[in-house]
Each structure stands twice: as C-alpha cells, then as structure tokens.
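The lines below spell out each chain.
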Amino acid sequence: SNVFQEKLLAGGTRRREALGMLGLFGTLITFVQASFLERKAFEAINWDLSTASQFLGFETCLFFMYCFTSVFLSHADAAVFNLSMLTSDIYSVLYAWFVQHQNPTWMYGLAFLTTMSGLVLYYSKPMPTEASRPPDALQDSCDNSILPRA
C-alpha cells in the first residue's frame, strides 16, 4: 500500500485527495472483508465505554500515521519508509533490555545489521523517484496541506 500511496503522491495528486481516496476505499474494502470474515468475532465483542475508547484510540493513531506517512512519501520513497519502519524495532528491544531486563539474541543483532546495511546501500545512490517526479510536484507542496485552509 505504501508503494501505491507513493505513486499517487509522486504523480502530482494532492495529499488531501490521496488520503480521502485511501480512507474511502479502505473503509469500504475493510467493511466488506470484516463482514464476511470477522462477523462472529464482532458479534462476540462486549461494546462498553472502555472497548469503544480503545477502538477510537487505535483509529486515531492510524489516522495520524497515514497523514504523516503521506508527508514522508511526498519527499522520499516507499522503500526508505519500509526500511525505516524496520529500524523502529530497536525501541522495543531497548524497552525489553532496560525495563524488562531481557537480553536480545544474536539473531536480532544480525537482523538489525542487515536492515541498517540496506538503508546505507539505498542512500548511497540517488533515489530512483527523483528522476520520475514532475518538476512542479515540489512547487505544489503548499497546496498539499493535510487540513483545509481557513
């Protein structure tokens, strides 16, 4: 999905339009999919204030993640975004190490080294999408705000 979102944003589509279409079609597809595959699970949920607020908090986090992802993908590649997301696991390892006093295995060190080397190799050459971006894509960035102007 990040590659398609990058293609929309790099092709000159305004950020509001891309996020609107992602939200509309994502909601429709998710509703159809959940109604067929997760119907029994949804019927079994006890919808109280705590459950509804947790669901709302999760949806709010997703909203901001997709908004910030669109900003990131306006200036970088989906490959950089995905590689950067892989490096975010370091925070969970640091939490497990310092707070829970668990030692990471050597496999994590190897995986982190591989991910970091991928980032270094990727940044060693110019980004492939820089050549494919239209010249007016950066000039239109003032109209790509997430929220409408007052």
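Up top is the structure these notes are about.
Residues numbered from 1 in each chain as written. Predicted model: local features only at pLDDT ≥ 70, side-chain atom pairs only at ≥ 80, totals over all residues. Heavy atoms only, no water.

S.K.: Explanation requested: the nonpolar core in the structure shown.
M.R.: Proteins that are soluble and globular tend to have nonpolar side chains buried together. Ranked by size, the top nonpolar core spans 5 residues in total: Leu 9, Ala 18, Leu 73, Ala 78 and Phe 81. When neighbours within four sequence positions are excluded, Ala 78 is seen to be in contact with Asn 2, Val 3, Glu 6 and Leu 73. (Core = buried A, V, L, I, M, F, W, Y, C linked by side-chain atoms within 4.5 Å. Buried < 20%, exposed > 50% of the residue type's maximum accessible area, 1.4 Å probe, protein only. Contact = heavy atoms within 4.5 Å.)

S.K.: What's the story with the layout of surface pockets in this structure? I'm lost.
M.R.: Picture a little ball the size of a water molecule; that probe, rolled over the atoms, points out where space is still empty. Of the voids in this model, the largest pocket is the one considered here, and its volume is about 870 Å³. Taken together, 25 residues line the largest pocket, and the ones lying closest to its centre are Leu 22, Gly 23, Gly 26, Thr 27 and Thr 30. Contributions of two or more residues to the lining of the largest pocket are made by helix 1 (2-10), helix 2 (15-37) and helix 4 (49-75). The element best represented in the lining of the largest pocket is helix 2, accounting for 13 residues. In terms of residue class, the lining of the largest pocket is built from 17 nonpolar, 7 polar and 1 charged. (1 Å grid on protein atoms, 1.4 Å probe; cavity = no way out; pocket = protein on both sides within 12 Å on 5 of 7 lines; lining within 4 Å. Points joined across faces, edges and corners; volume = space filled by probe spheres on them. Helix = DSSP H or I, 4+ residues; strand = E, 2+ residues; numbered from the N terminus. Nonpolar A, V, L, I, M, F, W, Y, C, P; charged D, E, K, R; others polar.)

S.K.: Any chance you could explain unusual backbone geometry here in plain terms?
M.R.: A negative phi holds for most residues other than glycine; trans holds for most peptide bonds. With phi around 60°, His 101 is a residue other than glycine that occupies positive phi space. Within the secondary structure, His 101 sits in the loop between helix 6 (89-98) and helix 7 (106-123). We classify His 101 as exposed; its relative accessible area is 65%.

S.K.: What should I look at first to understand a nonpolar patch on the surface in this one?
M.R.: Taken together, Tyr 91, Leu 94, Tyr 95, Trp 97, Phe 98 and Val 99 make up a surface patch of nonpolar side chains, about 680 Å² in accessible area. In this fold, Phe 98 is placed in helix 6. For Phe 98, a relative accessible area of 57% translates into the label exposed. (Patch = residues over 30% accessible without salt bridge, like charges linked within 9 Å, V, L, I, M, F, W, Y side chains within 5 Å. Areas by Shrake-Rupley, 256 points an atom, 1.4 Å probe, with all protein chains shown as cover. Salt bridge = Lys/Arg side-chain N within 4 Å of Asp/Glu carboxyl O.)

S.K.: What am I meant to see in the packing of helix 1 against helix 2 here?
M.R.: Between two packed helices, both the angle of their axes relative to each other and the distance between the axes serve to describe the pair. Contact geometry for helix 1 and helix 2: axes closest at 9 Å, N-to-C directions at 150°. You can see that helix 1 and helix 2 cross each other, and the crossing is right-handed. Residues Gln 5, Leu 8 and Leu 9 of helix 1 form the contact with helix 2, whose participating residues are Arg 15, Ala 18, Leu 19 and Leu 22. The residue makeup of the contact of helix 1 with helix 2, split by class, is 5 nonpolar, 1 polar and 1 charged. (Axes fitted to C-alpha atoms, helices over the stretch in contact; angles between N-to-C directions. Left-handed = near helix turned anticlockwise from the far one by under 90°.)

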